[in-house]
Amino acid sequence: QVQLVESGGGLVQSGGSLRLSCAASGFTFNNYAMRWYRQAPGKERELVATISSAGGSTTYADSVKGRFTISRDNAKNTVYLQMNSLKPEDTAVYYCNVVIPSSLIVWNNYWGQGTQVTVSS
């Protein structure tokens with residue numbers, strides 16, 4: 001079965017850095033784009049960054065452009081999120097995500113358990 005396990009969250013001061021990891025299993029990792037989402041208390045889950053299956057294409061939310069970098073290591077079935085210049089508004093639970101089709105018309109969303117990132121001012 002598909003499993004996504006995030007790690008690397010924690011408490012950091014404003015301006016600091018963290019590197020999140022998401023270890024994937026149960027599917028052919030290098031066939032699928034991967035995404036990082038985040039959800040702050042009282043807010044909807046938002047897409048932070050996307051990386052293509054081979055890693056050659058990335059996109060970012062405007063709020064993190066220039067500060068966050070998504071990458072992947074297909075040999076290790078792992079996707080990363082390097083977060084620099086962190087701000088208190090980056091505080092959220094960060095989730096790894098993959099969308100995998102089970103048929104031509106049914107696409108399944110898979111999520112990790114999330115990792116808490118807290119940025120103090």
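None of these values were measured; they are calculated from a predicted model. (Residues numbered from 1 in each chain as written. Predicted model: local features only at pLDDT ≥ 70, side-chain atom pairs only at ≥ 80, totals over all residues. Heavy atoms only, no water.)

Chemist: Which residues make up the pattern of salt bridges, and what are the values?
Modeler: Where charged atoms from two side chains of opposite charge approach closely, those side chains can pair. The final tally for this structure, using the stated rule, is 4 salt bridges. The closest approach of N and O atoms between Asp90 and Arg38, which form a salt bridge, is 2.9 Å. In this pair, Asp90 sits in the loop between β8 (78-83) and β9 (92-101) while Arg38 sits in strand β4 (residues 34-39), placing the two residues 52 residues apart along the sequence. (Salt bridge = Lys/Arg side-chain N within 4 Å of Asp/Glu carboxyl O. Helix = DSSP H or I, 4+ residues; strand = E, 2+ residues; numbered from the N terminus.)

Chemist: Account for the sheet that holds strand β1 (residues 3-7), naming residues and giving values.
Modeler: The antiparallel open sheet is built from 4 strands, whose spatial order is β1-β3-β8-β7. The sheet is open, and its two borders are formed by β1 and β7 (68-73), each paired with just one other strand. When strand polarity is set aside, the average angle formed by the axes of neighbouring strands in this sheet is 15°. Sheet topology note: the β1/strand β3 (residues 18-25) ladder contains 5 bridges and is antiparallel. (Pairing = 2+ DSSP bridges. Axes fitted to C-alpha atoms, helices over the stretch in contact; angles between N-to-C directions.)

Chemist: Just give me the short version of the state of the cysteines, but keep the residues and values in it.
Modeler: The full count for this structure, using the stated rule, is 1 disulfide. Covalently, Cys22 is tied to Cys96 through a disulfide, its sulfur atoms 2.2 Å apart. Residues Cys22 and Cys96 are joined by a disulfide whose S-S torsion is about -85°; by sign, that bridge is left-handed. Remark: Cys96 occurs in strand β9 and Cys22 occurs in strand β3; sequence separation between them is 74 residues. Residues Cys22 and Cys96 agree in their burial class; the two are buried. (Disulfide = S-S within 2.5 Å. Buried < 20%, exposed > 50% of the residue type's maximum accessible area, 1.4 Å probe, protein only.)

Chemist: I'd love a proper account of the nonpolar core, names of residues and values included.
Modeler: Here is a general trend for soluble globular proteins: nonpolar side chains tend to be buried in one another's company. In terms of nonpolar packing, the biggest core is built from 29 residues, with Met34, Trp36, Val79, Leu81, Met83 and Tyr94 touching the most fellow members. Examining the composition of this core, we find that 5 residues originate from one element, β9, more than from any other. Setting aside residues no more than four positions away along its own chain, Leu81 makes contact with Leu18, Arg19, Leu20, Trp36, Val48, Ala49, Phe68, Thr69, Ile70 and Tyr94. (Core = buried A, V, L, I, M, F, W, Y, C linked by side-chain atoms within 4.5 Å. Contact = heavy atoms within 4.5 Å.)

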